[in-house]
Amino acid sequence: MKKIIVLPLLLCAFSSVASGAVSGEIQPYPDYLAAYVKTLVTVGCEQALKGGSEDVLIKQATRGMKKDTPSYYAVYNSVVEGAGAGAALKAKGRLITKDKIAIDSCGGVAAYISMQKDFMKMVVDEMTTSEQSQAGAVKPKATSSDESV
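These figures come from a predicted structure and were not determined experimentally.

A. Region of the structure containing the state of the cysteines. The final tally for this structure, using the stated rule, is one disulfide. Sulfur-sulfur distance for the disulfide between C45 and C106 comes to 2.1 Å. One quick way to see it: the torsion about the S-S bond of C45 and C106 is about -75 degrees, and its sign makes the bridge left-handed. Here C45, found in helix α2 (residues 30-49), pairs with C106, found in helix α5 (residues 106-115); they are 61 residues apart in sequence, far enough to count as distant. Accessibility assignment for this pair places C45 and C106 in one class, buried.

B. Quick peek at α5. Considered for burial, the residues of α5 that qualify are C106, V109, A110, Y112 and I113. The buried residues of α5 occupy an angular sector of 160 degrees when projected down its axis, which confines them to one face. Close packing links the buried residues of α5 with α2, α4 (70-92), β1 (95-96), β2 (102-103) and α6 (117-128).

C. How the structure looks around unusual backbone geometry. A positive phi is found at D68, a non-glycine position, where the angle reads about 60 degrees. One can find D68 in the loop between α3 (54-61) and α4. Its identity as a non-glycine residue notwithstanding, K100 has a phi of 65 degrees, on the positive side. Within the secondary structure, K100 sits in the loop between β1 and β2. The exposure class of K100 is exposed, given its relative accessible area of 70%.

Quick notes on the rules
Residues numbered from 1 in each chain as written. Predicted model: local features only at pLDDT ≥ 70, side-chain atom pairs only at ≥ 80, totals over all residues. Heavy atoms only, no water. Disulfide = S-S within 2.5 Å. Helix = DSSP H or I, 4+ residues; strand = E, 2+ residues; numbered from the N terminus. Buried < 20%, exposed > 50% of the residue type's maximum accessible area, 1.4 Å probe, protein only. Arc of directions from axis to C-beta. Contact = heavy atoms within 4.5 Å.

Interpretation note: all reported values are geometric properties and have no functional meaning in isolation.
Written out as structure tokens, the structure is:
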């Protein structure tokens, strides 16, 4: 009985997609991208706290992505930012932001970065813009310091 109901729904969904012109790029929702960036920062931070290499994490996060694109560098910079904060947390135990907010965990780092609307908007815009319009316009960050957090 379930197969009888599901089959027509799948056919309708497939025919509606097949009949329309589907673009080569899928534009994800900005909220999902912001959550993804927050996850990348958190995992980069935790990797640094454990003493692991951020290079492995970058390779995993960018697997299948074209290099020298804005979205690649957005992912790369998010991991580097998190790893830099994690290294600072490991060395100092806590971070003090420009706003005089004390951060003592990777979750706190990610939460603070997600509250920075300009930063999040810039990263999400980099991830959603077409590669043709900005190819090569964004460069990776060299390092991160606790002043940038």
